[in-house]
Each structure stands twice: as structure tokens, then as C-alpha cells.
Amino acid sequence: MCSNSHHHDMVLCPQCDLLAALPEWVQGTKAVCPRCKTTLVTWWKEPKHQPTGYAISALFMLLVACLFPFVRMNVAGIDSEVTLFQIPQVLFNEDYASMGTFFLLCVQLVPAFCMVAIILLCQSAVISRKIRVWLARVLFQMKNWCMVEIFLVGVLVSFVKLMAYGDIGLGLSFLPYCLFCLLQVRAFQCLDRHWLWNQIAPAPKVEMPLRAGRAGLVQGVRLCQCCTAILPVEQLVCSRCHTRGHARRRNSLQWTMALLVTALMLYIPANVMPMMVTESLGSQSDSTIIAGVILLWSVGSYPVALIIFIASIMVPSLKMLAIGWLCWDAKGHGKRDPVQMHFIYEIVEFVGRWSMIDVFVIAILSSLVRMGKLMSVYPAMGAVIFASVVILTMFAAMTFDPRLIWDRTNVKHSL
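What you see is a predicted model; the values in this text were computed from it and never measured.

Novice: Teacher, can you tell me more about the pattern of salt bridges here?
Specialist: The final tally for this structure, using the stated rule, is five salt bridges. The salt bridge involving arginine 248 is made with aspartate 17; its shortest N-O contact spans 3.1 Å. With arginine 248 in the loop between strand 9 (230-232) and helix 8 (252-272) and aspartate 17 in the loop between strand 1 (9-12) and strand 2 (19-22), this pair connects stretches of sequence that are 231 residues apart. For the pair arginine 248 and aspartate 17, a shared accessibility class is recorded, and that class is buried. A salt bridge links glutamate 81 to arginine 72; the shortest N-O distance between them is 4.0 Å. Here glutamate 81 falls in the partly exposed class, since its relative accessible area comes to 46%. The network of salt bridges with common partners includes Asp17, Arg248 and Asp407.

Right under this line is the structure:
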């Protein structure tokens, strides 16, 4: 690896508020927070061209994937196939516009927009600084809502369910969409937020003296959660990205608990009400989440039943319990280890999206199994409620400020 000299820079950790001094950077390496191990900066060998190349390739694969059938099914000589665009269309036609909109956004439009934004920002396209700032702000806010990889896992789960009824085949667009998934994930990995914002505009200078190894709040500075700039605590609007912020997210615990309580209220009907309705030869049967798990287990699909059980039952339950525990700890109750609590927060933030697997399974089944009286699958109200639970818990994790976990430790160290 070749090394290049750079001026020493200060970075505030977005997770624990520790001020860290960046060393002289070496291409192909990264700097992590010495306290919570959060990645602060990654020095890629080609910071402009790597994410651009992956993003262009991803968009090309998405275009190819939209031109051909995605999956097909044959039951008793009746063929059925579906394209990526037909999946949300079916949901709209069945008066489940909320599920159709969510699928269209999280599986197609938002990932495509993010790839376009990466290309424009990395290649310094001839656009105004105001638009560049807006693109960068939206890009990092939308990152968590790109659920392409979760959708693909849902496709594999739906295959297992459908194999009991007929022959399943892959369309010409399946492989390009798998490549799109891998390429868009890699494009995000190769994009460093700290580097990107420095390309858009230099970070504002902090006039006060700063000391590495201490919390930013103790030293009178805060982090801009959007562009990673270090700002005085009393400065509410960032001079680089024009985002309004505070030293800590305002009413973080109140918003988190409100979203959590709402999710808990919806979680019971989400598990009791049917997720989908199956019509076969004139008979109709409803299926709840736990009924689907039991059915898969009874037919010997143990790995898939386990995946659905973990993603749709265990993960939401444990996530809501963990969020409540984090809020309790952040209020100053108990004597928890901040390292352990931060680890719990990282797990909550990572696994929350994966509960959407069951929703995507229902979307695929509803769009593919449309064979009249022979067999048809329709989404039910339980799917909408369950999707709402997942979205609410995701927002709850986003509104929680992880720096509150470390504030008691920061106060002790400053004394």
C-alpha cells in the first residue's frame, strides 16, 4: 500500500461523541473510534472512481432486470410469470397501495436514486452547490431504506413455499437483479461520507482549542449528523450543509418511546390477523405469521421456517425490548456498561430491516400466484400492520441518540 501525507484532522464520533485525531492516511485503510470502534473514515484507493464504477454497473443491471420476467411458475399446466414492475402493480390493484408504494420505493426507486446520486456527487457533475448538498443529505438519509438484499432473501423463501404447489423457474432478469444487489451494496461500502462532504465544501473551522480523547460536548462542540462537521454547541445551523441540529437530538427519548409504544400496540394484531389469503379450488384459507412458520416446519423446510421465525417473530420482539432497555439506561437508571449497551444498539440498528422479509414474501406470492379458481394468493391486513410495526421500530432506532449511552461516562472523565 502506498501512503500519502495529509494534514491531521479531528473527527467527532457520531456514536459516542469522542473527539479523535486522524493519523496520516494510508490508502486502503480505515480509522475507527478508539472507544466504540465505529468506523470514522475510510481511505479508499480510488475514492471517486470505485463508487462511481459500482453505481453505474448497478444501474445497468437494474435496467436489464426490468426488461424481462423475474420468476415464473407452472401449476397443472398453467403458467404464470411476473416482472419486477408487476409486483407493485398487483398490490395496487388489490387495494394495498401502501404495500405497493413501499415495495416500489425500497426495492426499485430509492436504490436507483442513490446510485444516480453517487455518480453525480463523486464525479463532480456540473450542478450547483445547493443541489449537491441536497443530494448528499438525501443520499445518506435514504441508505437504510434500500432493501434490495432483503427482497432477494424473501424471493428465496417464497420459492420454498411455492415448490409444494408447482414448478418454479427463474426469469432472465433474476441474475441481473442479484448482481444489482451486490453492486449497490458495494457502491455504498466504497463511499466515505467524510471524504464526500470535503469534496462538496471544506469543513468549517473551529476557533476554540480541541483536545483529542475527550467528549465533544465537554469541550463545547457538537457534530453535524449530516456532514460530520465539528461545530460550536451554540451553532444550530451547519454552515456547510445548512442542516439544523443540536448537541443531542431533541426529545430523542420521548420520540423513541412514542414510536416504540405505537409499535407495541400494533404488534399484537399483526400476529393475530392473517398476513395472506390463499384461494384454491373454491376453498379459502387464512395464514398468520406463526401459522406460516408451523406449515413450513411441518413440511420439512426447517431452515426457511427458522428464518421466518427469527426475522418475523424473534427480531421484532427482541428489538422492541432492546430499544426500551436502551431508553431506560439512557435516562440514567442502573449501572450498565456503555460498551455493552452500545453493542446492543448496533445490533438493533442492523437487524431491524430484516423483519421485512415476510412482507416481501407476501408481495411475491400475491403477484405470481394468480391462477383464477385453481389457486390465487392475496395480501391481508395483517401484512400492512406488520410492515407498519417494522417501519415504526426502524424510526425508533433512528430517533434514539446513541451518544446518550456515553454521556455519564463523559461527565465522569471530565471531572
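Novice: Would you explain empty space enclosed by the protein in this entry?
Specialist: Summary: where empty space remains is shown by rolling a probe the size of a single water molecule over the atoms. For the coordinates displayed, the defined rule picks out three cavities of 30 Å³ or more. One number sums up the size of the largest cavity: a volume of about 80 Å³. Taken together, 13 residues form the lining of the largest cavity, with Lys161, Ser287, Thr288, Gly292 and Asp358 sitting closest to its centre. The leading source of residues in the lining of the largest cavity is helix 9 (residues 289-298), at four residues. As a volume, the second largest cavity reaches approximately 50 Å³. Forming the boundary of the second largest cavity are Leu91, Met99, Phe102, Phe103, Val359, Phe360, Ala363 and Ala387. Residue assignment for the lining of the second largest cavity shows that the elements contributing at least two residues are helix 3 (97-122) and helix 12 (357-368).

Novice: Which parts of the structure should I look at to understand the packing of helix 9 against helix 10 (residues 302-330)?
Specialist: Helix-helix packing is characterised by the crossing angle of the two axes and by the distance between the axes. Interaxial distance between helix 9 and helix 10 falls to 8 Å at its minimum, and their mutual angle equals 165 degrees. With respect to helix 10, the element helix 9 is oriented roughly antiparallel. In terms of crossing hand, the pair formed by helix 9 and helix 10 is left-handed. Across from Ile289, Ile290, Val293, Leu296 and Trp297 in helix 9, the residues of helix 10 making contact are Tyr302, Val304, Ala305, Ile308, Phe309, Ser312 and Ile313. A class-by-class count of the residues in the contact of helix 9 with helix 10 yields 11 nonpolar, one polar and no charged.

Novice: Please clarify how the environment of threonine 228 should be interpreted in this entry.
Specialist: Among the secondary structure elements, threonine 228 is positioned in the loop between strand 8 (221-223) and strand 9. On the accessibility criterion, threonine 228 (18% relative accessible area) is buried. In the structure, threonine 228 is positioned 163 residues away from isoleucine 391 in sequence and 26 Å away in space, judged by C-alpha atoms.

Novice: Sorry if this is basic, but what is going on with the pairing of strand 10 (residues 276-280) here?
Specialist: Strand residues, when the strand is regular, have side chains that alternate between the two faces of the sheet. Note: strand 10 against strand 11 (residues 283-287), five bridges, orientation antiparallel. Considered in strand 11, the bridge of glutamate 279 is made with glutamine 284. Sheet topology places strand 10 next to strand 12 (residues 376-379); four bridges connect them, and they run antiparallel. Residue pairing in the sheet places valine 277 in a bridge with tyrosine 378 of strand 12.

Novice: So what exactly am I meant to see when it comes to the packing of helix 1 (residues 49-65) against helix 3 here?
Specialist: For the pair helix 1 and helix 3, interaxial distance at closest approach is 9 Å and the crossing angle is 145 degrees. When you trace helix 1 past helix 3, the crossing you get is left-handed. Counting all contacts with helix 1, which are made through Pro51, Thr52, Ala55, Ile56, Ala58, Leu59 and Leu62, the residues of helix 3 involved are Gln108, Ala112, Met115, Val116, Ile118, Ile119 and Cys122. Its residues placed into classes, the contact of helix 1 with helix 3 shows 12 nonpolar, two polar and no charged.

Novice: I keep staring at the sheet that holds strand 7 (residues 167-170) and nothing clicks. Help me out?
Specialist: Strand pairing in a sheet relies on backbone hydrogen bonds. The paired strands run either parallel or antiparallel. On the basis of which strands lie adjacent, the open sheet formed by three strands has the order 6-5-7 and antiparallel pairing. Single-partner strands in this sheet number two, and they are strand 6 (78-82) and strand 7. Going from strand to strand, the sheet's axes swing by 20 degrees on average, the running direction of each strand aside.

Reading the values: the criteria
- Residues numbered from 1 in each chain as written.
- Predicted model: local features only at pLDDT ≥ 70, side-chain atom pairs only at ≥ 80, totals over all residues.
- Heavy atoms only, no water.
- Salt bridge = Lys/Arg side-chain N within 4 Å of Asp/Glu carboxyl O.
- Helix = DSSP H or I, 4+ residues; strand = E, 2+ residues; numbered from the N terminus.
- Buried < 20%, exposed > 50% of the residue type's maximum accessible area, 1.4 Å probe, protein only.
- 1 Å grid on protein atoms, 1.4 Å probe; cavity = no way out; pocket = protein on both sides within 12 Å on 5 of 7 lines; lining within 4 Å.
- Points joined across faces, edges and corners; volume = space filled by probe spheres on them.
- Axes fitted to C-alpha atoms, helices over the stretch in contact; angles between N-to-C directions.
- Parallel < 35°, antiparallel > 145°, perpendicular 65-115°, else oblique.
- Left-handed = near helix turned anticlockwise from the far one by under 90°.
- Contact = heavy atoms within 4.5 Å.
- Nonpolar A, V, L, I, M, F, W, Y, C, P; charged D, E, K, R; others polar.
- Pairing = 2+ DSSP bridges.

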